[in-house]
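The chain contents come next:
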Amino acid sequence: MDGFGRSLTGEPAAARVPVLLPYPFAGPFDYKVPPGMHPRPGDLVLVPLNRRAEVGVVWDGPGDGTLADSRLKPVTALLDAPPMRADLRQLIDWIAAYTLAPPGDVLAMALRVNALRPDAPATGWRRAEPLPDTRITPPRQKVLDALVAGEVRGGGDLAKTAGVSTAVIRGMADAGLLLPAVIQAAPPFLLPDPEHPGPVLSEAQAEAATALREAVAAQAFSVTLLDGVTGSGKTEVYHEAIAECLRRGRQALILLPEIALSSQWLERFTQRFGVAPAAWHSDLPSRLRRITWRAVAAGEAPVVVGARSALFLPFPDLGLVVIDEEHETAFKQEEGVVYHARDMAIVRARLCRAPAVLVSATPSLETTANVEAGRYRRLHLPDRHGGALLPEIALVDLRDTPPERGQFLAPPLIAAIDATFARGEQAMLFLNRRGYAPLTLCRACGHRMQCPNCTAWLVEHRARRLLQCHHCGHAEPIPPVCPVCAAQHSLTAVGPGIERITEEAAACFPAARTLVMASDTLPGPAAAAEAARAIAAREVDLIIGTQIVAKGWHFPHLTLVGVVDADLGLAGGDLRAAERTVQLLHQVSGRAGRAEAPGRVLLQTFSPEHPVMQALLAGDLPRFMADEAAQRRPGNWPPFGRLAALIVSADSPEAADACSRDLARAAPHGDGILVLGPAPAPLAILRGRHRRRLLLKTRREIAVQPLLRAWLAQVVAKGSVRIDVDVDPMSFL
Ligand code: ADP
Ligand code: ZN
């Protein structure tokens, strides 16, 4: 606002307002306020943009001021919708500033639900009073009997209760016996009952629960790490924090890394609180999305469990944020606005003055460092619940006891699985690789089947007779002859994926009932829930899966976990390769022996002496993490320094190189600032685009954002060139 035209009350007469639109603009645009309209920050408005009417949000601050009042277009309409609250606007600004994403792109994530579109109210029927003078057949009488005076019921529902066809209902409507009426919607989310009886907590659990309850009662921002081995009752403990939040009538948000796998989580929540919470994820049907969004905005969804996008829901009274499995890299969104949902959830908690609780059996080094620096508080559960022991971990040295030629399961693992089945228990084989084989090679000429769009081998999916790229989705039929030398029967699968392991297991254990769990065999929550049910009901002997089997499951009869390739995650130059491998293998190990029978884990490895294997063997993760920290600290690697990546991509290698060179010339420098690269990205070509990477590393006290802004301002991305920014990169591909 220009400072002129203050009214006598001191209120600015708001001649113009800034409006943020859900598009990649650098900030809000000013619009003229028509007489009689009083938009306030947060209000949803309709404004003209390129001759279309767009929904935007009245933003804070003075606006861009670039255009004179006389040249501004007027706001078209003030929408009748709940305004976006200040804390959510601040979150959007904060994320945009931190990630360097255009604020409009961040806003788009909060507006993605078309919550403004009204749903037609559901209609049903009520009895006409008095009834018109017309013939009442026995079926019609049944319908009238099924309706209490004044009651409204849907047609299908009514026909079913009365045991008549819907044609009878229609006939009665035509005869004036039934009148149309609006069905009053029941509140979509029932109130979870905090006093519904939960388990009796152990002493350590009760102590942690009390601390969390106090954090909720304080109604102030705090961050607590709840850590404890797999099966120590962390979920039961944070349920108590949710209960306290409910008692105070406030809302709780629980973020899970992969909501598709949440069936067991939802079951346990329902056991504890009597009703299911509201769920928020990308598979939600659009009508339910709108209902959920509105219920959250109205404060009528007391508990929401969701994937990272739930962070942008319009909670009016958020009293608790829980981030379960906080170490999971799935919380990092890599496409569009590149942000880490764990970190932004903490920001949201701070803006709402609510406590955040990070939960993990294998906390990330970032979180551990924050605990050590005194920024986060730590609550620790030392033991598995009910005296269940942690599984015994052993290594299978593939150099000493190799599998048979062309096979991948070594004799000690096969023997252990046989013994498990003989005891009537379940076993699991874990390999974090979908498909049949990661590489197809011609034995005659050495040609390797490669993706035409990416620097990547094509993965064979034998069941679907396809070669597929796991980066861009390209798929082609398996060729009958080598495409280069035309040799017949020369294409050979190299290395295993879980399809191949499934084939091998079928030959080794012909009597075993096998279930494959991978993202492509279990699409969506319903399939995952059914798999979990079948396992719990002992309809399955052997589970073969990718990383989705590692997460959170509680299978009481599963006592053996075999890791087919424990070395898999260690290849490549990723800063966190060792940390992630330890976390993943610890998680998957944690699936074994969660009830009375003790669990056992066998890790097949070519490098038993590797610190990762030794740490898992000794069960001493804190020590391993301390060693990791000691290695990262001197070079200012995260979490002891800051990182940001620039990814340059273009249609041609020359264009990518030219822009990378420009960036290198303009690179920031100074004490505690280092720029690495440009270098071809490991995925040097992705979806046909040529990629180069630069990495900015600074000491922790130097913020990367101002450096990045100044840096990017000096370089113009011309033509097909795009520069993507990734602050706190988790992936280095
Ligand atoms: P975590 O989240 O640490 O992996 P869970 O909360 O899933 O551990 O607990 C593991 C299993 O032990 C679950 O089946 C849970 O219901 C049970 N459990 C944990 N604590 C208790 C308790 N105090 N009383 C009864 N059962 C418990
Ligand atoms: Zn590809």
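Residues numbered from 1 in each chain as written. Chains lettered and ligands numbered in written order. Predicted model: local features only at pLDDT ≥ 70, side-chain atom pairs only at ≥ 80, totals over all residues. Heavy atoms only, no water.

Overview of the overall build of the protein
Phase 1: Each helix and strand in the protein was counted, giving 19 helices and 31 strands.
Phase 2: Viewed in the frame of its principal axes, the protein has a C-alpha envelope of about 90 × 75 × 65 Å.
Phase 3: The burial tally for the protein puts 50% of its 733 residues in the buried class.
Phase 4: Total accessible area on the protein is roughly 33000 Å²; 55% of this is exposed by carbon and sulfur atoms.
Phase 5: Taken as two groups, the 78 positive and 76 negative side-chain charges of the protein have centres that lie 5 Å from each other. (Helix = DSSP H or I, 4+ residues; strand = E, 2+ residues; numbered from the N terminus. Buried < 20%, exposed > 50% of the residue type's maximum accessible area, 1.4 Å probe, protein only. Areas by Shrake-Rupley, 256 points an atom, 1.4 Å probe, with all protein chains shown as cover. Lys, Arg positive; Asp, Glu negative; His and termini not counted. Charge placed at Lys NZ, Arg CZ, Asp CG, Glu CD.)

Points about unusual backbone geometry
Phase 1: Proline 130 follows glutamate 129 through a cis peptide bond whose omega is -5 degrees.
Phase 2: Considering the arrangement of structural elements, one finds proline 130 in the loop between β6 (123–127) and α3 (138–146).
Phase 3: The amide bond that connects proline 638 to the next residue, proline 639, takes the cis arrangement and shows omega of 5 degrees.
Phase 4: As for its placement among the helices and strands, proline 639 is situated in the loop between α17 (621–632) and β28 (641–650).
Phase 5: Positive phi outside glycine occurs at histidine 489, with the angle close to 50 degrees.
Phase 6: By relative accessible area, histidine 489 is classed as exposed at 68%.

Quick notes on the site of ligand 1
Phase 1: Taken together, 16 residues lie near ligand 1, and Val200, Lys234, Thr235, Glu236 and Arg268 sit nearest.
Phase 2: In this structure, an oxygen atom belonging to ligand 1 sits 2.8 Å away from a main-chain N or O atom of glycine 231.
Phase 3: In this structure, serine 232 approaches ligand 1 through a main-chain N or O atom, which is 3.2 Å from an oxygen atom.
Phase 4: No other element matches helix α7 (residues 234–247), which puts 3 residues into the shell around ligand 1.
Phase 5: Taken together, the residues of the shell around ligand 1 sort by class into 4 nonpolar, 8 polar and 4 charged. (Near = heavy atom within 4 Å. Polar contact = N/O pair within 3.5 Å; in protein donor to acceptor, adjacent residues only side chain to side chain. Nonpolar A, V, L, I, M, F, W, Y, C, P; charged D, E, K, R; others polar.)

Topic: the pattern of salt bridges
Phase 1: This structure, assessed with the given rule, holds 40 salt bridges.
Phase 2: A salt bridge links glutamate 129 to arginine 127, with the nearest nitrogen and oxygen atoms 3.6 Å apart.
Phase 3: Of the residues examined, arginine 127 reaches a relative accessible area of 22% and is grouped as partly exposed.
Phase 4: With a closest N to O distance of 2.9 Å, glutamate 244 and arginine 247 form a salt bridge. Of the two residues, glutamate 244 and arginine 247 are both situated in helix α7; the distance of 3 residues between them amounts to about one turn of the helix.
Phase 5: The class for glutamate 244 is buried, based on a relative accessible area of 11%.
Phase 6: Residue classification places arginine 247 among the partly exposed residues on the basis of a relative accessible area of 38%.
Phase 7: Within the structure, one salt-bridge network assembled from shared partners comprises Glu195, Glu244, Arg247 and Arg248. (Salt bridge = Lys/Arg side-chain N within 4 Å of Asp/Glu carboxyl O.)

Here we look at the packing of aromatic side chains
Phase 1: Following the criterion strictly, the structure yields 8 aromatic pairs and no others.
Phase 2: Their ring planes at 50 degrees and their centres at 4.8 Å tell us that phenylalanine 25 and phenylalanine 29 sit as a pair that is tilted.
Phase 3: The exposure class of phenylalanine 25 is partly exposed, given its relative accessible area of 26%.
Phase 4: Overall, the relative accessible area of 28% leaves phenylalanine 29 in the partly exposed class.
Phase 5: Aromatic side chains tryptophan 94 and tyrosine 98 sit 5.2 Å apart centroid to centroid with 10 degrees between the ring planes, which places their arrangement in the stacked category. Of this pair, tryptophan 94 and tyrosine 98 are both found in helix α1 (residues 86–99), 4 residues apart, which corresponds to roughly one turn of the helix.
Phase 6: The ring of phenylalanine 273 has arginine 272 lying over it, and the distance from NZ or CZ to the ring centre is 4.7 Å.
Phase 7: Between the NZ or CZ atom of lysine 697 and the centre of the ring of tryptophan 637, over which it lies, the distance is 4.5 Å. (Phe/Tyr/Trp six-rings, centres within 6.5 Å; stacked < 30°, edge-to-face > 60°. Lys NZ or Arg CZ within 6 Å of the ring centre and 35° of its normal.)

Some details on the coordination of the zinc ion (ligand 2)
Phase 1: All of the protein donors around the zinc ion (ligand 2) are Cys451 (SG), Cys454 (SG), Cys469 (SG) and Cys472 (SG); their distances to the metal are 2.3 to 2.4 Å.
Phase 2: For the zinc ion (ligand 2), the 4 donor atoms in the first shell make angles of 105 to 114 degrees at the metal, a pattern classed as tetrahedral.
Phase 3: In primary sequence terms, the donor set of the zinc ion (ligand 2) follows C-x2-C-x14-C-x2-C. Placement of the pair is cysteine 451 in the loop between β19 (439–442) and β20 (459–461) and cysteine 469 in the loop between β21 (466–468) and β22 (475–477), with a sequence separation of 18 residues.
Phase 4: For cysteine 451, a relative accessible area of 5% translates into the label buried.
Phase 5: On the accessibility criterion, cysteine 469 (1% relative accessible area) is buried. (Donors = N, O, S within 2.8 Å, 3.2 Å for Na, K, Ca; no water. Tetrahedral: all angles 85-135°; square planar, octahedral: opposite > 155°, others 65-115°.)

Focus on the sheet that holds strand β12 (residues 318–324)
Phase 1: Here we have 7 strands laid out as an open sheet, ordered β10-β11-β9-β12-β15-β8-β16, and parallel in their pairing. Of all the strands in the sheet, the pair left with one neighbour each is β10 (278–280) and β16 (377–381). Each adjacent strand pair in this sheet contributes to an overall mean axis angle of 20 degrees, direction not counted.
Phase 2: Of the pairings in the sheet, the one linking β12 to strand β15 (residues 355–360) comprises 4 bridges and is parallel in character. (Pairing = 2+ DSSP bridges. Axes fitted to C-alpha atoms, helices over the stretch in contact; angles between N-to-C directions.)

A few points about the packing of α7 against helix α8 (residues 263–273)
Phase 1: Packing of α7 against α8 leaves a shortest axis separation of 11 Å and a crossing angle of 55 degrees. Classified by the angle their axes make, α7 and α8 are oblique. The way α7 lies across α8 gives a crossing that is right-handed. Together, Thr235, Glu236, Tyr238, His239, Glu240, Ile242, Ala243 and Leu246 of α7 and Trp265, Arg268, Phe269, Arg272 and Phe273 of α8 make up the contact between the two elements.
Phase 2: Broken down by class, the residue content of the contact of α7 with α8 amounts to 7 nonpolar, 2 polar and 4 charged. (Parallel < 35°, antiparallel > 145°, perpendicular 65-115°, else oblique. Left-handed = near helix turned anticlockwise from the far one by under 90°. Contact = heavy atoms within 4.5 Å.)

Quick word on the environment of phenylalanine 29
Phase 1: Looking at where phenylalanine 29 falls in the secondary structure, it is placed in strand β2 (residues 29–32).
Phase 2: It is 10.0 Å that separates the C-alpha atoms of phenylalanine 29 and leucine 49, two residues lying 20 residues apart in sequence.
Phase 3: If sequence neighbours within four positions are ignored, phenylalanine 29 has contacts with Val17, Pro18, Val19, Leu21, Leu49 and Asp64.

Comments concerning the domain arrangement of the protein
Bring the parts together and some accessible area is lost; that lost area is often taken as the interface size.
Phase 1: Domain boundaries in the protein define domain 1 (16–111), domain 2 (123–182), domain 3 (203–386), domain 4 (388–433 + 496–629) and domain 5 (636–727).
Phase 2: Summarising the inter-unit geometry, the C-alpha centres of domain 2 and domain 3 are found 47 Å apart. (Domains from an automatic or database assignment.)

Some thoughts on the side chain of arginine 153
Phase 1: Inspection of the secondary structure assignment puts arginine 153 in the loop between α3 and α4 (155–162).
Phase 2: Engagement of the side chain of arginine 153 in a polar contact is seen with the backbone oxygen of alanine 146, the distance being 3.3 Å.
Phase 3: Polar side-chain contacts of arginine 153 include one of 2.7 Å to the side chain of threonine 161.
Phase 4: Not counting residues within four places of it along the chain, the set of residues in contact with arginine 153 comprises Gly124, Trp125, Ala146, Leu147, Leu158, Thr161 and Ile183.

Quick notes on the pairing of strand β4 (residues 52–58)
Consecutive side chains along a regular strand alternate between the two faces of the sheet.
Phase 1: Relative to β4, strand β1 (residues 16–20) is paired through 2 bridges, and the arrangement is antiparallel. By the bridge assignment, valine 19 is partnered in β4 with valine 58.
Phase 2: Relative to β4, strand β3 (residues 44–49) runs antiparallel, the two sharing 6 bridges. For leucine 49, the partnering residue across the bridge sits in β4 and is arginine 52.
Phase 3: Following β3, the chain reverses through 2 residues before pairing antiparallel with β4; asparagine 50 in that reversal takes a positive phi of roughly 45 degrees.

Details of the pairing of strand β18 (residues 426–430)
Phase 1: The element β18 is largely enclosed, with a buried count of 5 among its 5 residues.
Phase 2: Here β18 shows a buried face lined by Gln426, Met428 and Phe430 and a second buried face lined by Ala427 and Leu429.
Phase 3: Pairing geometry for β18 and strand β26 (residues 558–563), over 5 bridges, is parallel. Note that in β26 the partner of glutamine 426 across the bridge is leucine 558.
Phase 4: Two elements, β18 and strand β25 (residues 542–545), share 4 bridges in a ladder whose sense is parallel. When the bridges of β25 are listed, leucine 429 appears paired with isoleucine 544.

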